[in-house]
Amino acid sequence: GLPRMRTKVAGDVIVEALKRAQGPAFRVVHFTIQDDHLHLIVEADGASELAAGMKGLVCRLARGLNKVWRRRGSVFPKRFHDVVLGSLRAIRNALVYVLNNYRKHGVGLERRGQRARGDEFSSANYFDGFADHRQEYAPGVEGAHVAQGGWQLAVGWKRHYPLIRLEESPAR
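Residues numbered from 1 in each chain as written. Predicted model: local features only at pLDDT ≥ 70, side-chain atom pairs only at ≥ 80, totals over all residues. Heavy atoms only, no water.

This part covers the overall build of the chain. The secondary structure content of the chain amounts to five helices and two strands. In sequence order, the chain lays out its α and β elements as α-β-β-α-α-α-α. For the chain, restricting intrachain contacts to residue pairs at least 6 apart in sequence, the fraction spanning at least 24 positions comes to 63%. Working note: accessible area of the chain is about 9600 Å², and carbon and sulfur atoms make up 51% of it. (Helix = DSSP H or I, 4+ residues; strand = E, 2+ residues; numbered from the N terminus. Contact = heavy atoms within 4.5 Å. Areas by Shrake-Rupley, 256 points an atom, 1.4 Å probe, with all protein chains shown as cover.)

Set out below in structure tokens:
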């Protein structure tokens, strides 16, 4: 029963919360905003840093979105689903899942004349791992790049696997 998150106003609030959540031990590297949920790729120095970083992020997101939506109460469930990316293949698959997730949910950017670009409600326009997309820094959500990934996330997977195609759909 909450308003859509995939709007310019809500997107700006979410990106600002993602930026403010950054710290030396917790980093949001990539994200996508869907109508009623988010997908994030984060790096943390350990389990306690991940828990603390996510707790702070969820609080910032809830406060900001509730203010925009002029409401009170919970925005996200008490728990989040996390997956440890234990290999370069898992990293590539997660990047496809997050950056091309709009395809899975049936959001066709082609209808809006954005076929040559990534999802405007994600960090895709700041991602340099697309085979058929030039990194542009012109997102629909202002300032969408959040953090620099570590070696495996930024470089390692590209040395062993093909770059990601814009039309590549994540597994269901």
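Mean pLDDT over the chain: 84, with 83% of residues reaching 70 or higher. Counting interchain partners and residues more than four positions distant, the pLDDT-below-50 stretch residues 109-116 has 16 contacts. (pLDDT = per-residue confidence, 0-100.)

On to the layout of surface pockets. The computed volume of the largest pocket comes to approximately 1400 Å³. Every element with two or more residues in the lining of the largest pocket is listed here: strand 2 (38-44), helix 2 (47-69), helix 3 (88-99) and helix 5 (151-160). At 12 residues, the largest contribution of residues to the lining of the largest pocket is made by helix 2. Each residue belonging to the lining of the largest pocket can be placed in one class, and the counts come to 27 nonpolar, seven polar and eight charged. (1 Å grid on protein atoms, 1.4 Å probe; cavity = no way out; pocket = protein on both sides within 12 Å on 5 of 7 lines; lining within 4 Å. Points joined across faces, edges and corners; volume = space filled by probe spheres on them. Nonpolar A, V, L, I, M, F, W, Y, C, P; charged D, E, K, R; others polar.)

The next thing to look at is the environment of Ala62. Inspection of the secondary structure puts Ala62 in helix 2. Sequence separation between Ala62 and Phe76 is 14 residues; the distance between their C-alpha atoms is 7.4 Å.

Moving on, we come to the packing of helix 3 against helix 5. Following both chains from N to C, one finds helix 3 and helix 5 inclined at 105 degrees, their axes separated by 9 Å at the closest point. Of the possible angle classes, the one that applies to helix 3 and helix 5 is roughly perpendicular. Mapping the contact onto sequence places Leu88, Ile91, Arg92 and Leu95 in helix 3 and Gln152, Leu153, Gly156, Trp157 and His160 in helix 5. Taken together, the residues that form the contact of helix 3 with helix 5 break down as five nonpolar, three polar and one charged. (Axes fitted to C-alpha atoms, helices over the stretch in contact; angles between N-to-C directions. Parallel < 35°, antiparallel > 145°, perpendicular 65-115°, else oblique.)

With that out of the way, let us pick up the pairing of strand 2. Sheet topology note: the strand 1 (residues 26-33)/strand 2 ladder contains seven bridges and is antiparallel. Within strand 2, the residue paired with Thr32 across the bridge is His39. Connecting strand 1 to the antiparallel partner strand 2 that follows it, the hairpin turn spans four residues. (Pairing = 2+ DSSP bridges.)

Turning to the packing of aromatic side chains, a few remarks are in order. How two aromatic rings sit relative to each other is set out by the distance from centre to centre and by the angle between their planes. A complete count under the given rule lists two aromatic pairs for this structure. Both rings, one in Phe127 and one in Phe130, keep their centres 5.0 Å apart while their planes meet at 85 degrees; by these two values the pair is edge-to-face. Across the pair, exposure class does not vary: Phe127 and Phe130 are buried alike. Ring centres 6.1 Å apart and planes at 10 degrees place the aromatic pair Phe127 and Trp157 in the stacked group. (Phe/Tyr/Trp six-rings, centres within 6.5 Å; stacked < 30°, edge-to-face > 60°. Buried < 20%, exposed > 50% of the residue type's maximum accessible area, 1.4 Å probe, protein only.)

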